[in-house]
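Each chain, letter by letter, is given below.
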Amino acid sequence: MGAPDGLADALDALLAGTAPADRLAADPLHLLARYTAHEDIALAAVFVSALSFGRVAAFLPVASAVLDVADAHGGPAAYLRGWTPDRGDGLLPLQHRWVRGVDLALLAGALARAEAAQPLGARVVAAWRPDEADLGPALDRVILTLRGAAVDEARARAERAGEAAPAGWSALPRGLRSLLCRPAEGSACKRWCMFLRWMVRLPDPQGGGVDLGLWPLPASALVIPLDTHVHRLAGYLGLTTRGDGSFRTAQEITAALRRLRPDDPLRWDFALAHHGISGACTGEVSPRRCDPCALRLQCANRRAAAGDGLAGPPDRTERG
Ligand code: SF4
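Definitions and cut-offs
- Residues numbered from 1 in each chain as written.
- Predicted model: local features only at pLDDT ≥ 70, side-chain atom pairs only at ≥ 80, totals over all residues.
- Heavy atoms only, no water.
- Helix = DSSP H or I, 4+ residues; strand = E, 2+ residues; numbered from the N terminus.
- Rg over C-alpha atoms; globule rule 2.2 N^0.38 Å.
- Buried < 20%, exposed > 50% of the residue type's maximum accessible area, 1.4 Å probe, protein only.
- Contact = heavy atoms within 4.5 Å.
- Areas by Shrake-Rupley, 256 points an atom, 1.4 Å probe, with all protein chains shown as cover.
- Lys, Arg positive; Asp, Glu negative; His and termini not counted.
- Charge placed at Lys NZ, Arg CZ, Asp CG, Glu CD.
- Expected span 1.5 Å × (residues − 1).
- Domains from an automatic or database assignment.
- Salt bridge = Lys/Arg side-chain N within 4 Å of Asp/Glu carboxyl O.
- Polar contact = N/O pair within 3.5 Å; in protein donor to acceptor, adjacent residues only side chain to side chain.
- pLDDT = per-residue confidence, 0-100.
- Near = heavy atom within 4 Å.
- Nonpolar A, V, L, I, M, F, W, Y, C, P; charged D, E, K, R; others polar.
- Axes fitted to C-alpha atoms, helices over the stretch in contact; angles between N-to-C directions.
- Left-handed = near helix turned anticlockwise from the far one by under 90°.

Q: Lay out the overall build of the chain with the relevant residues and their values.
A: The helix and strand tally for the chain stands at 15 helices and two strands. In terms of overall size, the chain behaves like a compact globule, its C-alpha atoms giving a radius of gyration of 20 Å where 320 residues would be expected to give roughly 20 Å. Taking the principal axes of its C-alpha atoms as reference, the chain extends roughly 70 × 40 × 40 Å. Taken over 320 residues, the chain has a buried fraction of 52%. In the chain, 66% of the contacts between residues at least 6 apart in sequence involve partners at least 24 apart. Accessible surface computed for the chain: about 13,400 Å², of which carbon and sulfur atoms make up 54%. Within the chain, the 35 negative side-chain charges are centred at a point lying 3 Å from the centre of the 36 positive side-chain charges.

Q: Provide a residue-level description of helix α8 (residues 136-161), including the pertinent values.
A: With 26 residues, α8 should cover 38 Å at 1.5 Å per step; its first-to-last C-alpha distance of 37 Å lies within 8% of that length. Backbone geometry just after α8 places G162 at a positive phi near 70 degrees.

Q: Got a sec to walk through the domain arrangement of the chain? Specific residues and values, please.
A: We note that the domain assignment places domain 1 (1-27 + 223-320) and domain 2 (35-187) within the chain. A C-alpha centroid distance of 31 Å is found between domain 1 and domain 2. If you look at the interface, domain 1 gives five residues, while domain 2 gives six residues. Where domain 1 touches domain 2, the interface holds zero salt bridges. Counting across the interface, domain 1 meets domain 2 through two residue pairs in polar contact (both at pLDDT 80 or more).

Q: Can you lay out the pattern of salt bridges for me, pointing to particular residues and giving the numbers?
A: All chains considered together, the criterion is met by 21 salt bridges. Across the salt bridge formed by D140 and R182, the nearest N and O atoms sit 2.7 Å from each other. Of the two residues, D140 is situated in helix α8 and R182 in the loop between α9 (174-179) and α10 (190-200); the sequence distance between them amounts to 42 residues. Here D140 and R182 have matching classes, each one buried. Between R242 and D244 there is a salt bridge, with the nearest N and O atoms lying 3.1 Å from each other. According to the relative accessible area criterion, D244 is partly exposed, its value standing at 31%.

Q: Could you give an account of the environment of P216, naming the residues involved and the relevant values?
A: Mapped onto the elements, P216 comes out in the loop between α10 and α11 (228-236). The sequence separation of P216 and V200 amounts to 16 residues, and the corresponding C-alpha distance is 6.9 Å.

Q: I'd love a proper account of the confidence of the model for the chain, names of residues and values included.
A: On average, residues of the chain score 91 in pLDDT, and 92% of them reach the 70 mark or higher. Below pLDDT 50 for its whole length, residues 309-320 participates in 27 contacts with residues either more than four positions away or in separate chains.

Q: Before we move on, could you go through the site of the ligand and cite the residues and values that matter?
A: Close to the ligand lie L233, H275, C281, R289, C290, C293, R296, C299, N301 and R302. For the shell around the ligand, the secondary structure elements donating two or more residues are α14 (287-290) and α15 (300-305). Looking at side-chain class alone, the shell around the ligand contains five nonpolar, two polar and three charged residues.

Q: A description of the packing of helix α3 (residues 38-50) against α10 should follow, citing residues and the corresponding values.
A: One way to put it is that α3 packs onto α10 with a least axis distance of 9 Å and a crossing angle of 145 degrees. Crossing handedness for the pair α3 and α10: right-handed. Note on element contacts: α10 touches α3 through R191, W192, M194, F195, W198 and M199, opposite A42, A45, V46, V48, S49 and A50.

Q: Any details on helix α6 (residues 101-117)? Residues and values, ideally.
A: Since the α-helix packs 3.6 residues into each turn, any two residues three or four apart lie on the same face. Taking 1.5 Å per residue, 17 residues should reach 24 Å; α6 reaches 25 Å between its end C-alpha atoms and fits that length. Here α6 lies mainly inside the structure; 13 of its 17 residues are buried.

Written out as C-alpha cells, the structure reads:
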C-alpha cells in the first residue's frame, strides 16, 4: 500500500508540535535519568519498559520502586551481580495490574542469570543478523534465552521454599509470561520494541529526545512499539489495513514508515502515540479536533467522515 502524499511532512509537523520537554516528561524513560553507567541504564530500562502499560500514574510509582530496590544494592547492575533468589524478595510487595512481585523477582533472576553469561547489550548485538529485515528475530532469540533463565530461577525459588519445581516455561506465572513475550508467537511485544527503541535510536538533535542510542545497532532495523493509539492512527494514514495487534502488523506499519524514512522509521513513533494518549485524537471527527491536526489532509478517517468515499480505518482490538 502507498502512504498518502505529503505524509512525511505532516508527521514532521506533528512531531514539531510536541514540545521536547513534554516529550521527555511524558515518557517513562525519564526514570532512567538517575543512572550514568550504560549497564545500569539498560537493565533499569528492561524493568521500566516492562511495566509501561496502563495508566502512567499507576505504573510510574511501581517502576520507580523497582529501581529503588535495585539502588539499595548499588544500582541495577550491582543488584543482579552475585544474584541469589533472596535478592528478589524485595520486589515481592510490588504489583502493577497482572504483573505481581514474584513475576518481577523471576524477571530479575532471569536477567541476572543471563547477564552472568553475557551482558544484555552484547547479547542483543550478537543476536542481530544484518540479513534479517528487522530486529524481531534477534529479539526473539534473546527472549528465548531469558525464558530458559526464568525457568532456572523459578526452580531455584521453589527449591528454596521446599516446593515442587515448575515443570517448564508454560508452568510459570502468567504475569511473567506476559513480560517475556515472543515475536515468533505473534505478540506485538510493544514494551520490548520500546525498550529497543530507547537503547538503539539516537536522541533527537534538537534536544529533548526520548531515546538514548547506547547500542551499536541500526535504527533502520527497529520495529514500532504497537499500541492501540499507534495502530488506530496507522490505519487512518494508510500504513496498515491489518486489524490485529500482532508483530506482523507492527512490521507492516514499520515497513511503510521505513519507505518514508529509511534510516529512521521510528522517528514519528512517539508523536503518533502521544497524539492518541494526550486525547488530541480520539477518533471523533470534528472541526475542534481535526482542523488543528497536522495529519488532517492525510487522514482517511476525517476524509471518510467528510463523505469523499475513502474507506475508514480497519476494526482493531486493544492489546498489551
Ligand atoms: S484529522 Fe481528526 S481523526 Fe484524523 S488524526 Fe487528526 S484528529 Fe484524528
